[in-house]
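Chains, contacts and geometry: an overview
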Amino acid sequence: PPDPLQQHFDDTIARDHRVEPRDWMPEGYRRTLVRQIAQHAHSEIIGMQPEGDWITRAPSLRRKAILFAKVQDEAGHGLYLYSAAETLGADRADLTRRLIEGRQKYSSIFNYPADTFADVGVIGWFVDGAAICNQVPLCRSSYGPYARAMVRVCKEESFHQRQGYELLLTMMRGTEGQRAMVQNAVDRWWWPSLMMFGPPDGDSPNSAQSTAWKIKRHSNDELRQRFVDMTVPQAERLGVTLPDPELRWNEERGSHDFGTPDWTELQRVISGDGPRNAERVSRRRAAHEEGTWVREAAAAHAAKQAERREE
Ligand code: 3HC
């Protein structure tokens with residue numbers, strides 16, 4: 001006879017109900033969630049670096065304030081997601097160690113250089129746009145804390161995407177040089193943004209199980225297609241071309257055909273050999289080490305507070 005706990009879990013998933021931290025869950029479900037949520041959190045924290053470098057070099061106070069708010073949001077998203085991972089028994093310090101030692105991943109997209117200020121706009125438009133395509137379905141994932149964290153994150157992500165697109169609209173109304181800077185950034189970020197959605201469905205070892213557990217609600221290719229279909233009209237309105245000669249509307253499919261990303265590049269970047277991997281990880285390590293005194297002071301302060309409460 002089926003184990004009543006497994007049966008209850010299966011019924012919860014089948015009914016599109018939420019699994020909560022104190023519910024029984026299969027060990028594989030827990031492990032998959034820790035893997036995905038931890039790597040999602042790592043992506044948010046590492047993702048602060050490419051744009052963070054532009055805060056001191058933003059061309060106006062308004063742009064500086066917007067960028068500061070966005071980078072701060074990413075930090076908050078990371079902390080939110082580490083808290084969701086902790087509800088599964090993960091230890092935040094251990095997760096940080098795994099990131100620093102290269103034993104856990106973060107999104108490939110953050111291993112590319114942000115060479116010009118137009119990159120800040122394109123990161124908002126493409127990277128946060130792709131993040132929205134990926135994160136909206138996650139608001140319906142079967143694990144309660146993760147789904148609820150995504151609702152809050154998605155609200156802030158739409159501001160990130162809009163501010164990036166608005167920045168580019170401003171630059172496209174500027175000089176010839178600014179328009180060329182935008183097109184150059186679009187050319188460099190388009191394909192890596194498509195790779196953010198993961199390998200093609202036929203080469204996605206986690207998808208089947210994640211879909212069965214309703215952690216993943218749409219396949220990598222479906223979300224990639226959704227992002228392309230959303231972005232093409234925005235590129236037309238902006239007056240930039242997307243660097244894909246095979247990109248065209250397909251009436252029968254009701255969506256755009258497009259070229260094939262270079263999957264060997266994705267694997268290379270994921271395995272640590274992207275343009276900025278070493279720099280991103282070493283800066284994360286340095287920040288962690290330099291922050292030791294802050295963690296120790298906060299822990300000492302909390303202990304003193306606890307002692308006072310017991311007096
Ligand atoms: N970068 C790094 N690793 C990637 C990747 C990418 N773009 N795409 C896939 N991978 C890894 C997977 O993690 C997996 O490795 P693992 O088993 O060691 O974790 C392997 O490649 C095979 O990929 P699968 O498709 O089988 O893996 P998943 O089913 O986990 O799908 C995913 C990958 C779509 C990224 C999924 O994990 C996911 O939706 N994660 C949550 C969202 C997320 O992490 N987004 C990252 C973007 S950053 C962001 O949104 C922040 C915003 O502010 C910009």
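Residues numbered from 1 in each chain as written. Predicted model: local features only at pLDDT ≥ 70, side-chain atom pairs only at ≥ 80, totals over all residues. Heavy atoms only, no water.

As annotated in an unreviewed UniProt entry, the protein chain carries the name 1,2-phenylacetyl-CoA epoxidase subunit PaaA and comes from Streptacidiphilus cavernicola.

**Overview of helix α2 (residues 27-46)**
Compared with the 28 Å implied by 1.5 Å per residue over 20 residues, the 28 Å span of α2 between its first and last C-alpha is a close match. Within α2, 16 of the 20 residues are buried, which leaves the element mostly enclosed by the surrounding structure. (Helix = DSSP H or I, 4+ residues; strand = E, 2+ residues; numbered from the N terminus. Expected span 1.5 Å × (residues − 1). Buried < 20%, exposed > 50% of the residue type's maximum accessible area, 1.4 Å probe, protein only.)

**Describing the site of the ligand**
R35, E74, K105, S204 and K216 are the nearest of the 31 residues found near the ligand. One of the side-chain N or O atoms of N220 is found 2.9 Å from an oxygen atom in the ligand. With the chains in place, 90% of the 1000 Å² that the ligand exposes on its own is no longer accessible. Every element with two or more residues in the shell around the ligand is listed here: α2, α6 (117-138) and α7 (144-172). Among the residues forming the shell around the ligand, the class breakdown is twelve nonpolar, twelve polar and seven charged. (Near = heavy atom within 4 Å. Polar contact = N/O pair within 3.5 Å; in protein donor to acceptor, adjacent residues only side chain to side chain. Areas by Shrake-Rupley, 256 points an atom, 1.4 Å probe, with all protein chains shown as cover. Nonpolar A, V, L, I, M, F, W, Y, C, P; charged D, E, K, R; others polar.)

**Some remarks on the confidence of the model for the protein chain**
The pLDDT averaged across the protein chain works out to 97; a share of 100% of its residues lies at or above 70. Both scores are available for the predicted complex, with the pTM at 0.96 and the ipTM at 0.97. (pLDDT = per-residue confidence, 0-100.)

**Quick look at the layout of surface pockets**
Roughly 1200 Å³ of volume is contained in the largest pocket. For the largest pocket, the lining is made up of 47 residues, of which S107, N134, M196, F197 and G198 are closest to its centre. Of all elements in the fold, only α2, α4 (61-86), α6, α7, α10 (220-238) and α11 (263-270) reach the threshold of two or more residues within the lining of the largest pocket. No other element matches the nine residues that α6 contributes to the lining of the largest pocket. Its residues assigned to classes, the lining of the largest pocket shows 19 nonpolar, 17 polar and eleven charged. Here the second largest pocket is characterised by a volume of approximately 520 Å³. Looking at the lining of the second largest pocket, the elements with two or more residues in it are α3 (48-52), α4, α5 (92-100) and α12 (277-290). When the residues that make up the lining of the second largest pocket are grouped by side-chain class, the tally is eight nonpolar, five polar and five charged. (1 Å grid on protein atoms, 1.4 Å probe; cavity = no way out; pocket = protein on both sides within 12 Å on 5 of 7 lines; lining within 4 Å. Points joined across faces, edges and corners; volume = space filled by probe spheres on them.)

**A word on the packing of aromatic side chains**
If you walk through the whole model with that rule in mind, you get eleven aromatic pairs. The structure contains a cluster of three or more aromatic residues connected by ring pairs, namely W125, F126, Y165, W190, F197 and F227. A cation over an aromatic ring shows up here: R152 above the ring of Y80, its NZ or CZ 5.0 Å from the ring centre. (Phe/Tyr/Trp six-rings, centres within 6.5 Å; stacked < 30°, edge-to-face > 60°. Lys NZ or Arg CZ within 6 Å of the ring centre and 35° of its normal.)

**So, the packing of α12 against helix α13 (residues 292-310)**
Two elements in contact, α12 and α13, have axes separated by 4 Å at closest approach and are oriented at 40 degrees. Relative to α13, the element α12 lies oblique. In this structure, α12 contributes H288, E289 and E290 to the contact, and α13 contributes T292, W293 and R295. Within the contact of α12 with α13, the residues separate by chemical class into one nonpolar, two polar and three charged. (Axes fitted to C-alpha atoms, helices over the stretch in contact; angles between N-to-C directions. Parallel < 35°, antiparallel > 145°, perpendicular 65-115°, else oblique. Contact = heavy atoms within 4.5 Å.)

**So, the nonpolar core**
Core analysis: the biggest nonpolar cluster contains 75 residues, and Y29, I37, W125, F126, Y143 and W189 have the highest contact counts within it. Ignoring any residue separated from it by four or fewer positions in sequence, one finds F126 in contact with V186, W189, W190, S193, F227, T231 and L242. (Core = buried A, V, L, I, M, F, W, Y, C linked by side-chain atoms within 4.5 Å.)

**Considering the side chain of S193**
Within the secondary structure, S193 is located in helix α8 (residues 176-195). Within polar-contact distance, the side chain of S193 engages the backbone oxygen of W189 at 2.6 Å. Beyond its immediate chain neighbours, meaning those up to four positions away, S193 contacts I109, F126, V127 and F227.

**Focus on the state of the cysteines**
As used here, a disulfide is simply a covalent bond connecting the sulfur atoms of two cysteines. Inspection of the entire model under this criterion finds zero disulfides. The thiol of C133 is unpaired, and the distance to the nearest cysteine sulfur, on C154, comes to 10 Å. Among the cysteines around C154, which has no disulfide bond, C139 carries the closest sulfur, lying 3.8 Å off. (Disulfide = S-S within 2.5 Å.)

**Notes on the side chain of S107**
Here S107 lies in the loop between α5 and α6. S107 gets classed as buried once you look at its relative accessible area, which sits at 16%. In this structure S107 touches S43 and M196, once residues within four positions along its chain are discounted.

**A look at the pattern of salt bridges**
Under the definition given, this model contains 22 salt bridges. For R188, the salt bridge identified is with D119, shortest N-O distance 2.7 Å. On the criterion of sequence distance, the pair formed by R188 in helix α8 and D119 in helix α6 is long-range, its members being 69 residues apart. R188 gets classed as partly exposed once you look at its relative accessible area, which sits at 27%. On the basis of relative accessible area, D119 is assigned to the buried category, the value being 0%. The partner of E176 in a salt bridge is R179, with the nearest N and O atoms 3.1 Å apart. A residue pair is termed a helical-turn pair when its members lie 3 or 4 positions apart in one helix, as E176 and R179 do in helix α8 at three residues. The exposure class assigned to E176 is exposed, which follows from its relative accessible area of 55%. By relative accessible area, R179 is classed as partly exposed at 28%. Via salt bridges that share partners, D53, R276, E279, R280 and R283 belong to a single interconnected network. (Salt bridge = Lys/Arg side-chain N within 4 Å of Asp/Glu carboxyl O.)

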